[in-house]
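Geometric and topological summary
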Amino acid sequence: MARPSPLPPRIRIGFGLALVLVVGIVSLTIYTTRASIVDRDWVSHTRQVMIDLQATLAGLNQAKADASAFLLTGDSAAKTWYSEDVARTRLDFDALREATRDNPAQTARLDSLATVLSARFAVLNRAIVRRDLKGAESAVLAGVARGMIASAYAVEDSLLRIRASRSEASRTTSLFVLGTLVVLVLGLLVAVYLLTARDIRGRQALERELERRAADLEAALAELESFSYTVSHDLRAPLRAMDGFSRALLEDYAGQLDATGVDYARRIVAAAARMDGLIQDLLAYSRAGRDEFTLSSVSLDDALAEAARQVGSGAELVVAGPLGMALAHPRALVQVLANLLSNAAKFVAPGTPPRVTVSAERRDGKVRLWVEDNGIGIAPEHRERVFRVFERLHGQEAYPGTGIGLAIVRRVMGRMGGTTGVESAPGSGSRFWIECQEGDTSP
Amino acid sequence: MSIAPRAILLVEDDENDVLLIQRAFRNAKLANPLHVVRDGDSAVAYLSGAGEYADRTAHPLPELMLLDLKLPRKSGLEVLAWLRQESGIKRVPVVVLTSSRERRDVDKAYELGANSYLVKPVEFESLLEMVKTLGVYWMIFNEKPDLETG
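About the thresholds
- Residues numbered from 1 in each chain as written.
- Chains lettered and ligands numbered in written order.
- Predicted model: local features only at pLDDT ≥ 70, side-chain atom pairs only at ≥ 80, totals over all residues.
- Contact = placed C-beta atoms within 7 Å.
- Helix = DSSP H or I, 4+ residues; strand = E, 2+ residues; numbered from the N terminus.
- Nonpolar A, V, L, I, M, F, W, Y, C, P; charged D, E, K, R; others polar.
- Core = buried A, V, L, I, M, F, W, Y, C linked by C-beta atoms within 7 Å.
- Buried ≥ 20, exposed ≤ 12 C-beta atoms within 10 Å, placed from the backbone.
- Pairing = 2+ DSSP bridges.
- Axes fitted to C-alpha atoms, helices over the stretch in contact; angles between N-to-C directions.
- pLDDT = per-residue confidence, 0-100.

1. Observations regarding the interface of chain A and chain B
Counting from both sides, the interface comprises 15 residues of chain A and, opposite them, 14 residues of chain B. Secondary-structure elements contributing two or more residues to the side of chain A that touches chain B are α4 (139-233), α5 (236-252) and α6 (259-290) of chain A. Looking at the side of chain A that touches chain B, the element that brings in the most residues is α5(A), giving nine residues. Class assignment of the residues belonging to the side of chain A that touches chain B gives a composition of seven nonpolar, three polar and five charged.

Structure follows, in structure tokens:
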């Protein structure tokens, strides 16, 4: 599964664009470098053509000079030089034709020059054979050849200028585009940096806010703790005095009290006891909301046995075991089961012997424990009320209690990641259930 | 060793509780003299025999201390911590008798060296039962430490 990027879209787009631009810069640089190498090759090619043209012209002149020297002096060495001049000039000229094959106009011009050159060399050869110094002179042919070479040279020269300036222009354009791209990338990076910085600042502010709230929560919790400390310590002291001194009256001054006085004193004792019960239950409920519940695999059978031992009610307990394992906090689970058991045993019609049936049901990695009684049942509209704090459906005389037991069950189960509920109808008993993750069944 | 019943020191600030505990002692027929101090500083003064408690005949070193935790001036836990550092008297058995059953109080008291922790019941009958058991356990069955050479 792909994890979503922690960066906001704008920053991601910014980085993406910068990446694209960098790739563009690299590609353009490679392209420009290649193009400028091609341009340079063309320029040096043109230069080579110009050199070859000059060499051809020089060869022509040298051949004429060496031929004249032979005719004047009769020196055979000069004749040999002349032959070498002709051969070299032909080689140079062949190279020249090869190099200008790409240019039709130059090729045509050189074709004409070839004819003129051949004619000129033919004139010189004939003069040497006839030993005719005058016959070596051919101003027309020499002039034509020189003119042709000069015009071919002029063409190459203008080509050189065009190619050089084109290479220069393309280099300038590339540099401009590259510069623009670099500036864009830098701008983008700065923008992305600013966006990221703002994003981080936002997150830091959020973090500080979270820390502040955590501190507030901790303070509230500490206050709650000191509140329940006060409740447990200070509120009970006056109760002790009420109970103790009422009893002292009943025991030490029994002779001086009439029946009404004794009744009143007893009522004080009962009221103190009831208030003490309420305070104890409220503290138990508050503790259920604060205590840390570390979950482990707990045997439901063991927990139920311990709960039944703690409750010690006279109810008949039927267990459809084994119940299996639950993921729970052992002590809290026992408390939940004890509350459910005493609740199940308590609400029976007068004269009915209480019977409690416990069974378990496993489904989708969860275990649901049913606690079924033969009690008076609960009307549908009251089913959720029974889980509320100090919520009672019956008078003290019929079923004494503070109404905290089921509220603690729900709270504790909730703290352990579980759920609670009840199915019931008046007169046909109730089926309370708790559900939590199934525990590790391997021993 | 003296033949007279051993003294018990009660450290308790609530006058009602003092009266009720005294009555429970009477009803339980415990003969041990019950000396009462009402705050932490007085408890320290009594135990160290300082000031008005210098006379060890009138104010004998107790063989058991019943200690409330919530006290004026010095808390019960502070008194306990101090006592366990005092050579000579540090072995005095201390039974915490308080109305708090908060986990941190219970744990802290044992950490500081309390020998027992009792929660004052609201019903007098339960208090009476507790005092009777206390007398039997601490004054009869329990082997006393040597308080002279600690």
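2. Structural notes on the nonpolar core
Grouped together as the largest cluster of nonpolar side chains are 43 residues, with contacts concentrated most on A:Leu300, A:Ala307, A:Ala326, A:Leu333, A:Val336, A:Leu337 and A:Leu341. Those elements that provide at least two residues to this core are α7 (300-311), β3 (325-328), α8 (330-346), β4 (355-363), β5 (366-373), α9 (405-415) and β7 (430-437) of chain A. If we skip the residues at most four places from it in the chain, A:Leu333 touches A:Val298, A:Ala303, A:Ala326 and A:Ala328. Counting residues in each nonpolar core, the second largest holds 36 residues, with B:Val11, B:Tyr53, B:Leu66 and B:Leu134 among its members.

3. Quick look at the sheet that holds strand β3 (residues 64-67) of chain B
Residue and element names in this part refer to chain B. Here five strands make up an open sheet; going across it, the order is β2-β1-β3-β4-β5 and the pairing parallel. Of all the strands in the sheet, just β2 (34-37) and β5 (116-119) have a single pairing partner and so form its edges. Strand-to-strand twist across the sheet, computed as the mean angle between neighbouring axes with direction ignored, equals 20°. Across four bridges, strand β1 (residues 8-11) lies against β2 in parallel orientation.

4. Description of the confidence of the model for chain B
The predicted coordinates should not be examined in detail at positions where pLDDT is low. Residue-level pLDDT values for chain B average 88, and 95% of them are 70 or greater. For this predicted complex, the interface score ipTM comes out at 0.77, while the overall pTM is 0.52.

5. Quick notes on the pairing of β1(B)
Residue and element names in this part refer to chain B. The two faces of β1 match: Ile8 and Leu10 on one face and Leu9 and Val11 on the other face are all buried. Bridge analysis of β1 against β3 gives four bridges, and the strand direction is parallel. Paired with Leu9 across the bridge in β3 is Met65.

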